[in-house]
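Summary of the model geometry
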Amino acid sequence: MTLTLSQSAYWELIYESEENQLTPDSADEFDVTYQYPVKLGNGYSRCINLRTGLDLDITKYQLHDEIITRSSEREHLVEYTFEISGLKAGTYGFFGSGLAPGGSLEHSPMLPTAWVSVHVQPELFCQWFGYKGELPKNLQPLIRKPDQKYYERYGKTTSAMQMALQQLLGCPYQGNTKRVYLESKVWELMVLQVDQFLESQTVEINSKTLNAEDIERIHYASEILLAQLDQPPSLMELARMVGINDNKLKVGFKQVFETTVFGYLHDCRMERSRQMLAGGKLSVTETAKAVGFANRGYFAASFRRKFGVNPGIFLNEKRQKSKNSV
């Protein structure tokens with residue numbers, strides 16, 4: 001069954017009654033946890049007000065059924081969101097302020113979902129990253145007028161981001177010390193996001209040297225990787241195969257696929273392995289070998305980071321589901 005709700009109705013369900021609200025202790029009144037509505041699923045949403053204009057949300061839940069939320073155009077704050085489990089585990093979204101267009105969003109019941117999200121008022125963002133109240137020119141695209149579509153960017157969580165997230169989620173303090181510690185991690189993650197944004201701006205400038213023929217060669221390179229997931233060519237070999245230099249190949253992948261050559265290959269391997277395991281015919285070891293992983297343990301860890309579940313459990317669930325449907 002699929003449930004369709006407006007975005008506002010969905011959040012009203014989360015915060016609909018005082019019974020849903022839990023406060024750990026009086027020292028942490030800025031940190032409030034709401035139980036996820038049992039009619040929708042199991043889990044919680046933790047809302048932490050770090051200072052005026054700066055909020056941290058930590059949410060984890062698993063739905064009973066698929067939910068589709070529909071939203072209308074609205075004013076958007078500066079925001080970043082890290083998916084820590086679920087179908088998009090290991091990814092992030094970074095958004096500037098401005099106009100957020102309306103649309104639909106699907107929430108899957110397949111896997112538990114967990115994410116960390118931070119919302120920042122544009123004025124506070126400008127205070128932190130500006131000088132004398134004005135943002136540097138290269139950051140100004142992040143702060144737009146209410147009638148201009150906001151900036152958005154998606155990417156893979158880096159090791160530095162993962163470390164900061166782990167420290168944030170494992171905060172050992174209470175009271176005001178906890179608030180200060182969490183705020184320091186929130187801004188550390190923001191700095192890493194901004195650094196990625198500036199790097200993408202540099203890549204965009206460099207990518208102007210790519211012509212239509214170069215872009216066609218980049219797509220050809222991606223087809224070669226897809227066809228040779230188990231034994232892919234090296235970066236230099238791939239560049240020679242498509243008739244382009246290795247630097248332009250790297251820049252091209254950033255422009256066309258918004259990831260590195262290795263990142264693209266890794267994502268393709270993970271998606272192919274998911275499809276193979278969903279078929280239920282191959283074992284985890286056979287699947288790992290088929291997509292180019294010599295180490296079963298490394299494959300299992302990569303699959304878990306990507307999809308939020310161990311490949312063995314995923315395979316057993318698919319096989320059981322297939323049996324029940326016969």
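Going by the structure above, here's the rest.
The present account deals with the structure reproduced in this document. (Residues numbered from 1 in each chain as written. Predicted model: local features only at pLDDT ≥ 70, side-chain atom pairs only at ≥ 80, totals over all residues. Heavy atoms only, no water.)

This part is about the overall build of the protein. Check the secondary structure of the protein and you find 11 helices and 13 strands. In terms of its C-alpha atoms, the protein occupies a principal-axis envelope of roughly 60 × 60 × 40 Å. In the protein, the share of contacts with a sequence separation of at least 24, taken over all contacts with a separation of at least 6, comes to 67%. Summed over its atoms, the accessible surface of the protein is roughly 17700 Å², and 51% of this surface lies on carbon and sulfur atoms. (Helix = DSSP H or I, 4+ residues; strand = E, 2+ residues; numbered from the N terminus. Contact = heavy atoms within 4.5 Å. Areas by Shrake-Rupley, 256 points an atom, 1.4 Å probe, with all protein chains shown as cover.)

Here the largest pocket defines a volume of roughly 1600 Å³. Lining of the largest pocket is provided by 49 residues; of these, Glu 79, Thr 81, Glu 83, Phe 95 and Leu 105 occupy positions nearest its centre. The leading source of residues in the lining of the largest pocket is strand E11 (residues 103–107), at 5 residues. Residues that form the lining of the largest pocket fall into these classes: 17 nonpolar, 20 polar and 12 charged. As for the second largest pocket, its lining consists of 39 residues, and the residues nearest its centre are Gly 90, Gly 155, Lys 156, Thr 157 and Thr 158. It is helix H4 (residues 175–206) that contributes the most residues to the lining of the second largest pocket, 6 residues altogether. Split into classes, the residues belonging to the lining of the second largest pocket amount to 10 nonpolar, 17 polar and 12 charged. (1 Å grid on protein atoms, 1.4 Å probe; cavity = no way out; pocket = protein on both sides within 12 Å on 5 of 7 lines; lining within 4 Å. Points joined across faces, edges and corners; volume = space filled by probe spheres on them. Nonpolar A, V, L, I, M, F, W, Y, C, P; charged D, E, K, R; others polar.)

Turning next to the pattern of salt bridges. Tallied over the full model, the rule gives 12 salt bridges. Note that Asp 31 is salt-bridged to Arg 46, the shortest N-O span being 2.8 Å. Within this pair, whereas Asp 31 is found in strand E3 (residues 31–35), its partner Arg 46 is found in strand E4 (residues 41–51), the two being separated by 15 residues in sequence. Of the residues examined, Arg 46 reaches a relative accessible area of 22% and is grouped as partly exposed. Connected via shared salt-bridge partners are Asp 28, Asp 31, Arg 46 and Lys 178. (Salt bridge = Lys/Arg side-chain N within 4 Å of Asp/Glu carboxyl O. Buried < 20%, exposed > 50% of the residue type's maximum accessible area, 1.4 Å probe, protein only.)

What follows covers unusual backbone geometry. Of note in the backbone geometry, Glu 258 takes a positive phi value of approximately 55° without being a glycine. Relative to the helices and strands, Glu 258 resides in the loop between helix H7 (246–257) and helix H8 (261–279). Look at Glu 258 and you get exposed, because its relative accessible area is 53%.

Here the focus is the sheet that holds strand E1 (residues 2–6). Note: strands within a sheet are paired through backbone hydrogen bonds, in either parallel or antiparallel orientation. Strand order in the open sheet made by the 3 strands is E1-E6-E11, with mixed pairing throughout. Looking at which strands have only one partner, the edges of the open sheet turn out to be E1 and E11. Here the average twist between neighbouring strands, direction ignored, is 20°. Both E1 and strand E6 (residues 66–71) contribute to a ladder of 5 bridges, which runs parallel. Within E6, the residue paired with Thr 2 across the bridge is Glu 66. Its contacts with the sheet place helix H1 (residues 7–14) against E1 and E6, and it is angled at close to 100° to E1. (Pairing = 2+ DSSP bridges. Axes fitted to C-alpha atoms, helices over the stretch in contact; angles between N-to-C directions.)

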